Amino acid sequence: MSIRQSLLALLAEGDRYGYQLRQEFEARTGGTWPLNIGQVYTTLARLQRDDLVREAGRQEDGSVVYTLTRTGRLEVDQWWRTPVDRGTPGRDEVAIKIALAVTAPGVDVAAVVQQQRTETLKALREYTRMQARIPDPPGDADLAWLLVLDSLVFAAEAEARWLDHVEQRLLHRAGNGVHTLPDHPQRKGLLR
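Since this is a predicted model, take the numbers as computed values, not measurements.

Reading guide: rules and limits
Residues numbered from 1 in each chain as written. Predicted model: local features only at pLDDT ≥ 70, side-chain atom pairs only at ≥ 80, totals over all residues. Heavy atoms only, no water. Helix = DSSP H or I, 4+ residues; strand = E, 2+ residues; numbered from the N terminus. Expected span 1.5 Å × (residues − 1). Buried < 20%, exposed > 50% of the residue type's maximum accessible area, 1.4 Å probe, protein only. Core = buried A, V, L, I, M, F, W, Y, C linked by side-chain atoms within 4.5 Å. Pairing = 2+ DSSP bridges. Salt bridge = Lys/Arg side-chain N within 4 Å of Asp/Glu carboxyl O. Axes fitted to C-alpha atoms, helices over the stretch in contact; angles between N-to-C directions. Parallel < 35°, antiparallel > 145°, perpendicular 65-115°, else oblique. Left-handed = near helix turned anticlockwise from the far one by under 90°. Contact = heavy atoms within 4.5 Å. Nonpolar A, V, L, I, M, F, W, Y, C, P; charged D, E, K, R; others polar.

Re helix α7 (residues 140-175)
Thought 1: With 36 residues, α7 ought to run about 52 Å at 1.5 Å a step, and its terminal C-alpha atoms sit 52 Å apart, in line with that.
Thought 2: Taken together, the buried positions of α7 are Trp145, Leu146, Val148, Leu149, Leu152, Val153, Ala156, Glu159, Ala160, Leu163, Val166 and Leu170.

In structure tokens:
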């Protein structure tokens, strides 16, 4: 997730100070990805250094109000037109944990998978409950939150399906008497 681009997009709607940017980001994403205020101000300092934002003034309490520069506005426009690059997948903690469990001696991989499935389904139920509380039809802020929830639901459903798949692979491997992962040349550098 690009905090940099998100802050620029919010500033494209109007001048704001750091705390307002944090609040607006969290409101629009339902607090799913909370921002540390220090991260906001560090990012704003970099944006200012890169001539994408500048100081527009100060509040009575001394808070700096930021505005986009022309270059910053062009970057936001470019961001909206450019799809998110999926060439380098983000780290998936569950996949990493399962991969390490499969290769670690003495780990009950089936138990690891079952515990994760339980947690994933619990999260899925909670996301579904949250969706049910959103008014129909949703306003703009509710629609933004609903779309984030939809993404979380789809990701949890996919993770649950993947965990089922992992379990099937483990059963298939056990049925073939295989106890170690074969060395696959294709696996080396698969996602580089």
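From this point, things continue past the structure.
A look at the nonpolar core
Thought 1: Counting residues in each nonpolar core, the largest one holds 18 residues, and the members touching the most others are Leu7, Leu8, Leu11, Leu21, Leu44, Leu47 and Val53.
Thought 2: For this core, the elements supplying multiple residues, two or more each, are α1 (3-12), α2 (18-28), α3 (37-49) and β3 (64-68).
Thought 3: In terms of residue count, the dominant contributor to this core is α1 (six residues).
Thought 4: In terms of nonpolar packing, the next biggest core, distinct from the first, is built from nine residues, Ile98, Val109, Val112 and Val166 among them.

So, the pairing of strand β2 (residues 53-58)
Thought 1: The sheet contact formed by β2 and β3 spans five bridges and is antiparallel. Residue pairing for β3: Glu55 is matched across the bridge by Tyr66.
Thought 2: In this structure, the hairpin formed by β2 and β3 is closed by a connection of five residues, where Gly62 is found at a positive phi of approximately 95°.

Some thoughts on the sheet that holds β2
Thought 1: The strand order across the open sheet formed by three strands is β1-β3-β2, and the pairing between neighbours is antiparallel. Lying at the two open borders of the sheet, with one neighbouring strand each, are β1 (16-17) and β2.
Thought 2: Inspection of the sheet shows β1 paired to β3 by two bridges, in the antiparallel sense. Along β3, the bridge assignment pairs Arg16 with Tyr66.

Some points on the pattern of salt bridges
Thought 1: This model, assessed by the stated rule, comprises twelve salt bridges.
Thought 2: A salt bridge links Glu55 to Arg58; the shortest N-O distance between them is 3.4 Å.
Thought 3: One salt-bridge network, in which partners are shared between bridges, spans Arg4, Arg49, Asp50 and Glu75.

Let's talk about the packing of helix α5 (residues 93-103) against helix α6 (residues 109-132)
Thought 1: Relative to each other, α5 and α6 sit at 165°, their axes nearing to 9 Å. Looking at the two axes, α5 sits roughly antiparallel to α6. For α5 against α6, the interelement crossing comes out right-handed. Taking contact as the criterion, the partners of Val94, Lys97, Ile98, Ala101 and Val102 in α5 are, on α6, Val109, Val112, Val113 and Gln116.
Thought 2: Of the residues belonging to the contact of α5 with α6, the class tally is seven nonpolar, one polar and one charged.

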